[in-house]
Amino acid sequence: MANEMPRVVVVWRGDREARDAATPQNNRFHRIFEELSAIGIDAEPAVYDEAFSDEVRDQLLAADGVLVWVDPLSAGKTRHQLDALLRDVAARGPWVSAHPDTILKMGVKEVLHRTKHLGWGTDTHLYRTAASFREEFPERLRTAGPRVLKQNRGNGGQGVWKVEALGRSNGVELVRILHAQRGSVPEEVALSEFMGSCEAYFAAGGRIVDQPFQPRLPDGMIRCYMGADRVVGFGHQLIKALIPPPPEGPDSEAAQPGPRIMHGAEAEPFQKLRTLMETEWTPQMMEVLGLDVASLPIIWDADFLYGPRTADGDDTYVLCEINVSSVFAIPDEAPAAIAKLVASKFRAAGGPP
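This write-up is about the structure you can find in this document. Everything quoted here is computed from the prediction, not taken from an experiment. (Residues numbered from 1 in each chain as written. Predicted model: local features only at pLDDT ≥ 70, side-chain atom pairs only at ≥ 80, totals over all residues. Heavy atoms only, no water.)

### Concerning the overall build of the protein chain
Inference 1: Helices and strands together make up the secondary structure of the protein chain, namely 10 helices and 17 strands.
Inference 2: In terms of C-alpha radius of gyration, the protein chain reaches 21 Å, essentially the compact-globule figure of 20 Å for 353 residues.
Inference 3: Viewed in the frame of its principal axes, the protein chain has a C-alpha envelope of about 75 × 50 × 40 Å.
Inference 4: Looking at the protein chain as a whole, 51% of its 353 residues qualify as buried.
Inference 5: Residue pairs at least 24 apart in sequence account for 66% of intrachain contacts in the protein chain once pairs closer than 6 positions are excluded.
Inference 6: Accessible area of the protein chain: about 15,900 Å², with a carbon and sulfur share of 50%. (Helix = DSSP H or I, 4+ residues; strand = E, 2+ residues; numbered from the N terminus. Rg over C-alpha atoms; globule rule 2.2 N^0.38 Å. Buried < 20%, exposed > 50% of the residue type's maximum accessible area, 1.4 Å probe, protein only. Contact = heavy atoms within 4.5 Å. Areas by Shrake-Rupley, 256 points an atom, 1.4 Å probe, with all protein chains shown as cover.)

What follows is the structure, encoded as structure tokens:
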């Protein structure tokens, strides 16, 4: 590799037509391709689907590195086959970011439980089996106020529910539930019925994470974008997930989330959070999960809600999710940061640039 331009393949999901048509310029990752090319790295697209996975595998094996943007769930498809492919590719030489094993540590909801003792944590519980869920959750819901349940792997609000206790009616314990997927409306159902519908989340070793509902949710969510162990930007958005829609209905303009306003890493309103992420929380998370800097994803994000204000009126932050599998859109500064981190991987391996 010392005498050749290093080669990176950028992977995302699509069909055969998308694969055949893909170029570095005609997709949402074009800025990343541009930044990689600008520092002497040859990057090519690799649209993935299970129908032509062997073809993609051969393409990845011919590369020096692989960058992946594929959601855990997409139109009924999972990453199960892709993750096996990526593990095989990484074992044969090319580096992969994010590596599936890193995703299983960072990019699942269980990380909220494993790191609940850190400064970003809250009253978080983990149900590993349907039996423990049935045994523990009802009493917690009755005594601890509204809860938010999250299936271990998912995206786009799939499998995330706000649950409120309503008491008993005719001997039946009732709850009000609201799914986080866009277009959802509150429903009042029997607790037993709702919990039964959640048991599918335990299939194939799945889990459910249980956190308290954050009353400051209407103040918005802060997405902290990370390039390995350094902040590369922020996004602030007034989200509407888990907030009941207005009288106009879930499809009305008032029910839609606001735009995500992007900010650079130096943005003044987020410097406290930046310092916490870079100097405390990320190093502490790495220690808990058994990760080093080299194994961190080249791009990932941590989503925070505002927690209770301190006695002095200062904001606190509660981690609600870490995204690793497919972090996009990203701040304007992020593509250059991604390219620099890719270059550093090649330098660490003894090659250019």
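Still more to cover.
### Quick word on the sheet that holds strand S11 (residues 187-190)
Inference 1: Ordered in space as S7-S12-S8-S9-S10-S11, the 6 strands form an open sheet in which the pairing is antiparallel. Looking along the sheet, the strands with just one partner apiece sit at the ends: strand S7 (125-127) and S11. Across the sheet, the mean angle from the axis of one strand to that of its neighbour is 30°, orientation sign disregarded.
Inference 2: The pairing of strand S8 (residues 147-151) with strand S9 (residues 160-169) spans 4 bridges and is antiparallel. Looking at S9, one finds that Arg147 is bridged to Val163.
Inference 3: With respect to the sheet, helix H8 (residues 191-198) is in contact with S8, S9, strand S10 (172-179), S11 and strand S12 (208-212), its orientation differing from that of S11 by roughly 95°. (Pairing = 2+ DSSP bridges. Axes fitted to C-alpha atoms, helices over the stretch in contact; angles between N-to-C directions.)

### With respect to the side chain of Thr282
Inference 1: Mapped onto the secondary structure, Thr282 falls in helix H9 (residues 271-289).
Inference 2: Under the relative-accessibility criterion, Thr282 is labelled buried at 0%.
Inference 3: Residues in contact with Thr282, not counting those within four places in the same chain, are Met226, Asp229, Leu276, Met277, Leu296 and Trp300.

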